[in-house]
Amino acid sequence: MRPNLTEEKLHKVEKRMKRERIHQMLQIIWMHIDCRQHHCNEDASEALRLIWCSVPDAYISFKEIKRAFRGVFRAEELKNIYDFYAKAVGEFSESFEPRSLQHLCRLIIRSTLRGNQIWIPEGLQQTCLPKSIESFLNFEKVFITSNEFAL
């Protein structure tokens, strides 16, 4: 895969989209390329999942990445990059949608715990929270129903 990425093309994209969003997409692209070269799919996938669990930003949509990098990568390459991302984060998004309130609350709780020097994951074990909430705050791959949050 040889991207046709030039500084000029990046400046054109910056006119349509925030720089932070472009950086996020470039990180995904870099991870995908690096992963293909080093055959580290599962590790890269898990790293990408954890990164996206720790940010409040909306998931990248296929339309966004296609719009930003259409002239840089072939359509098939863009689809492969997006499939890698969507599989890693467990979310395929057609359009820009904000993250769930549940996810945003998790980030605030984690930030508050850190601010009180309750380190994650070790400090969480001392809080005596239910295991399901502890798993949720630790970004574990556990699907929790809303009923399990009732205390």
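Source: prediction; values computed, not measured. (Residues numbered from 1 in each chain as written. Predicted model: local features only at pLDDT ≥ 70, side-chain atom pairs only at ≥ 80, totals over all residues. Heavy atoms only, no water.)

Novice: How should the overall build of the chain be read in this particular structure?
Specialist: Counting its secondary structure elements, the chain contains 8 helices and 0 strands. Starting at the N terminus, the α and β elements of the chain follow one another as α-α-α-α-α-α-α-α. The buried share of the chain, taken over its 151 residues, is 36%. Here the analysis covers contacts within the chain between residues at least 6 apart in sequence; of these, 68% occur between residues at least 24 apart. Here the chain displays about 10,000 Å² of accessible surface, and carbon together with sulfur accounts for 54% of that area. (Helix = DSSP H or I, 4+ residues; strand = E, 2+ residues; numbered from the N terminus. Buried < 20%, exposed > 50% of the residue type's maximum accessible area, 1.4 Å probe, protein only. Contact = heavy atoms within 4.5 Å. Areas by Shrake-Rupley, 256 points an atom, 1.4 Å probe, with all protein chains shown as cover.)

Novice: Can you walk me through the packing of helix α3 (residues 41–53) against helix α5 (residues 75–89) in this structure?
Specialist: Between two packed helices, the angle of one axis relative to the other and the distance separating the axes together describe the packing. Interaxial distance between α3 and α5 falls to 8 Å at its minimum, and their mutual angle equals 65°. Of the possible angle classes, the one that applies to α3 and α5 is roughly perpendicular. Relative to α5, the crossing made by α3 is right-handed. Taking contact as the criterion, the partners of N41, A44, S45, L48, R49 and W52 in α3 are, on α5, F84, Y85, A88 and V89. Partitioning the contact of α3 with α5 into residue classes produces 7 nonpolar, 2 polar and 1 charged. (Axes fitted to C-alpha atoms, helices over the stretch in contact; angles between N-to-C directions. Parallel < 35°, antiparallel > 145°, perpendicular 65-115°, else oblique. Left-handed = near helix turned anticlockwise from the far one by under 90°. Nonpolar A, V, L, I, M, F, W, Y, C, P; charged D, E, K, R; others polar.)

Novice: Can you help me understand the nonpolar core in this one?
Specialist: Most often, soluble globular proteins have nonpolar side chains that are buried together. Counting residues in each nonpolar core, the largest one holds 26 residues, and the members touching the most others are L48, W52, I60, F69 and Y85. Looking at this core, the elements with two or more residues in it are α2 (19–38), α3, α4 (62–69) and α5. Among the elements that line this core, the one with the most residues is α5, at 8 residues. Of all hydrophobic cores here, the second largest spans 5 residues; its members include L113, I133, F136 and L137. (Core = buried A, V, L, I, M, F, W, Y, C linked by side-chain atoms within 4.5 Å.)

Novice: What am I meant to see in the confidence of the model for the chain here?
Specialist: When pLDDT is low, close inspection of the predicted coordinates is not appropriate. Overall, the predicted model of the chain reaches an average pLDDT of 83, with 89% of residues at or above 70. Mean pLDDT per element in the chain: helix α1 (residues 7–16) is the minimum at 72, and α5 is the maximum at 92. (pLDDT = per-residue confidence, 0-100.)

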